[in-house]
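Take a look at the letters that make up each chain.
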Amino acid sequence: MNLHSNGASFGLDSRRDILGISVASVARDEAIGMLERMLSERRFTKVSFLNAHNANIACTDAEFASALKDFLILPDGVGVDIAAKLLYGEAFPANLNGTDFIPGFLKASKQSLTVGLIGTTRANAEAAAERLSALTRQHRFAVLHDGFFTEQEESEILERIAGLRPDILLVAMGVPRQELWISRKITDRHCTLPIAVGALLDFLSGAVPRAPLWMRRLRLEWLFRLLIEPRRLWRRYVVGNPLFLARVLRQKFFGRA
């Protein structure tokens with residue numbers, strides 16, 4: 001699906017440009033309904049999420065930015081809400097971060113779906129599949145492979161995915177690898193909805209802790225992650241967040257260029 005030409009066919013009338021990336025401006029129930037229609041109609045649609053970190057990467061990685069043009073992009077986190085307020089006067093209708101939205105969508109879905117998982121470590125993927133099975137008993141979950149494979153192994157993995165042809169393929173390989181892999185390798189032969197989910201499987205497995213609920217409600221989950229993994233994430237948040245804000249202000253006052 002090309003979002004720019006076909007968005008209206010899924011009721012996607014409202015989109016907002018954040019640093020050149022078209023982001024769906026929809027409420028949570030609207031997003032759930034939209035994905036359910038895509039599945040019912042077997043409309044092959046690549047799905048990803050935009051947060052400040054992804055947007056920063058897209059500003060310096062032309063291939064990643066180009067790939068995102070063919071994804072349905074959902075808003076993720078306080079950073080893109082601040083950007084929307086600065087650029088359009090109001091935040092997005094809902095924070096559709098994948099960590100909460102994907103399990104919520106699967107719970108809400110009345111259809112019995114086959115969901116494939118690929119990415120992270122095998123142990124984390126298996127634990128995530130068990131967790132999802134317990135949360136949403138109407139669906140079938142299958143771990144297809146971890147996120148560590150060679151080019152020689154890839155053909156067999158792709159054939160395995162095509163053989164199963166899940167309704168949903170959750171791809172957890174990190175940004176931008178997961179989106180680029182979906183863009184280059186996954187077609188309607190493999191699944192209906194390939195969804196780039198980042199650290200979702202690690203969170204579901206319990207290998208990576210989530211912020212306490214009060215921090216999530218205050219939109220401070222990024223701070224919690226920084227506190228528990230400062231060496232890995234300091235550049236993403238301490239440098240990346242102000243850089244994202246500066247880029248948004250540049251868009252506001254000088255346009256996308």
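Here, residues in each chain are numbered from 1, in the same order as that chain's written sequence. Local features are withheld for residues below a pLDDT of 70 in this predicted model, meaning they are given only at 70 or higher, and side-chain atom pairs are given and counted only at 80 or more; totals for whole chains, interfaces and linings count all residues. Just so you know, side-chain values use all the structure's heavy atoms and leave hydrogens and water out.

(A) Layout of the nonpolar core. In plain words, nonpolar cores are sets of buried Ala, Val, Leu, Ile, Met, Phe, Trp, Tyr and Cys residues tied together by side-chain atoms within 4.5 Å. The classification of residues rests on relative accessible area computed with a 1.4 Å probe and restricted to protein chains. Under 20% of the type maximum is buried, over 50% is exposed, and intermediate values are partly exposed. Formed by 36 residues in total, the largest nonpolar core has its most connected members in F101, I168 and L170. A run of H or I in DSSP becomes a helix once it reaches four residues, and a run of E becomes a strand once it reaches two; helices and strands are each numbered from the N terminus. Element by element, the count of residues in this core is highest for helix α2 (residues 28-40), at six residues. Two residues qualify as a contact provided that any one of their heavy atoms is within 4.5 Å of a heavy atom in the partner residue. Among all residues touching L170, those that are not within four sequence positions of it are I102, V115, G116, L117, I118, L132, I195, V197 and L200. In this structure, A84, L87, L158 and I186 belong to the second largest nonpolar core, which totals 35 residues.

(B) Summary view of the confidence of the model for the protein. Per-residue confidence from the predictor is given as pLDDT, running between 0 and 100. For the protein, the mean per-residue pLDDT works out to 93, and 94% of the residues sit at or above 70. Here residues 1-10 is a poorly scored stretch, pLDDT under 50, and it has 30 contacts once near neighbours within four places are set aside; other chains count.

(C) Main features of the environment of D17. Locating D17 in the fold gives a position in strand β1 (residues 15-18). Under the relative-accessibility criterion, D17 is labelled buried at 19%. For the pair D17 and R235, spaced 218 residues apart in sequence, the C-alpha separation works out to 25 Å.

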